[in-house]
Amino acid sequence: MTQHGDVPGAVPATGPGPGPEDTPAAYRPRRRDRHGRGGRGPGLAPSPGLRDPRPTRSQRFDRIVLGVVGHVDAPWRAELGELEYVVEEMPLLPDGWTDEAPLASVVPATADHPPRVVFFRRPLERRSETRLDLEELVRRVATEQLAELLGVSPETVDPDYDPDA
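Residues numbered from 1 in each chain as written. Predicted model: local features only at pLDDT ≥ 70, side-chain atom pairs only at ≥ 80, totals over all residues. Heavy atoms only, no water.

Q: Help me get a handle on the sheet that holds strand 2 (residues 104-107), residues and values and all.
A: Read from one edge of the open sheet, three strands run 1-3-2, paired in mixed fashion. In this open sheet, the two edge strands, each paired with only one partner strand, are strand 1 (84-88) and strand 2. Neighbour to neighbour, the strand axes of the sheet diverge by 20° on average, direction disregarded. In the packing of helix 1 (residues 57-72) onto the sheet, contacts are made with strand 1 and strand 3 (116-120), and the angle to strand 1 comes to roughly 150°. Sitting on the sheet, helix 4 (residues 131-150) touches strand 1, strand 2 and strand 3, and the angle it makes with strand 2 is about 25°. (Pairing = 2+ DSSP bridges. Helix = DSSP H or I, 4+ residues; strand = E, 2+ residues; numbered from the N terminus. Axes fitted to C-alpha atoms, helices over the stretch in contact; angles between N-to-C directions. Contact = heavy atoms within 4.5 Å.)

What follows is the structure, given as structure tokens:
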């Protein structure tokens, strides 16, 4: 008696006996290439040492910040001197904080460190719907923080600054 899927007269592929090349197709294990799309799994992972083709959200945000900050602070580099830009996920807020989370902060210079502008990624991303909105918000925040460091108005730092945007 034959069962469903059995080939009459075929030898099952279990135990000692004929090798895979001698086994009928009905007894060979299925592979992931059922629809002709190629292999799946480890063969598709990036090779060691090569750049990951898809950057993470935080890497994309870092690139946005670097691009915006490079544009905004270019005319002010001589006045700013050494300045660090830092990206943090979230600000550390005290217990009982009820206001919205800040988007950025300025950390004044100390004996060991130059002044820093800290951008908070998640609050910035939550307040923007698209990448273009995020770029504009980062630009506005960077302008405000640099103006605070320089002691001038934001319009002086960036003539295109719009506080209502």
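This is not the end of the story, as more comes after the structure.
Q: Any chance you could break down the layout of surface pockets for me, citing the residues and the numbers?
A: Computed from the structure, the second largest pocket encloses a volume of approximately 150 Å³. R57, R60, F61, I64, E125, S128, E129, T130, R131 and L134 together form the lining of the second largest pocket. Elements supplying a minimum of two residues to the lining of the second largest pocket: helix 1 and helix 4. When residues of the lining of the second largest pocket are assigned to their parent elements, the largest contribution, four residues, is made by helix 1. In terms of residue class, the lining of the second largest pocket is built from three nonpolar, two polar and five charged. (1 Å grid on protein atoms, 1.4 Å probe; cavity = no way out; pocket = protein on both sides within 12 Å on 5 of 7 lines; lining within 4 Å. Points joined across faces, edges and corners; volume = space filled by probe spheres on them. Nonpolar A, V, L, I, M, F, W, Y, C, P; charged D, E, K, R; others polar.)

Q: Report on helix 1, specifying residues and quantitative values.
A: Between its first and last C-alpha, helix 1 extends 22 Å over 16 residues, near the 22 Å set by a 1.5 Å rise per residue. Along helix 1, the positions that sit buried rather than exposed are F61, I64, V65, V68, V69 and V72. Angularly, the buried residues of helix 1 cover 120° about the axis, an arc narrow enough to put them on a single face. Facing away from the buried side of helix 1 by more than 90 degrees, the exposed set consists of L66 and H71. Along its buried surface, helix 1 packs onto strand 1, strand 3, helix 3 (121-126), helix 4 and helix 5 (154-157). (Expected span 1.5 Å × (residues − 1). Buried < 20%, exposed > 50% of the residue type's maximum accessible area, 1.4 Å probe, protein only. Arc of directions from axis to C-beta.)

Q: Summarise the pattern of salt bridges; cite the residues concerned and give the values.
A: Two side chains of opposite charge can pair, provided their charged atoms sit close to one another. Summed over all chains, the structure comprises 11 salt bridges. Note that E125 and R121 form a salt bridge whose closest N and O atoms lie 2.8 Å from each other. Of this pair, E125 and R121 both sit in helix 3, four residues apart, which is roughly one turn of the helix. The residues E125 and R121 share a single accessibility class, namely buried. (Salt bridge = Lys/Arg side-chain N within 4 Å of Asp/Glu carboxyl O.)

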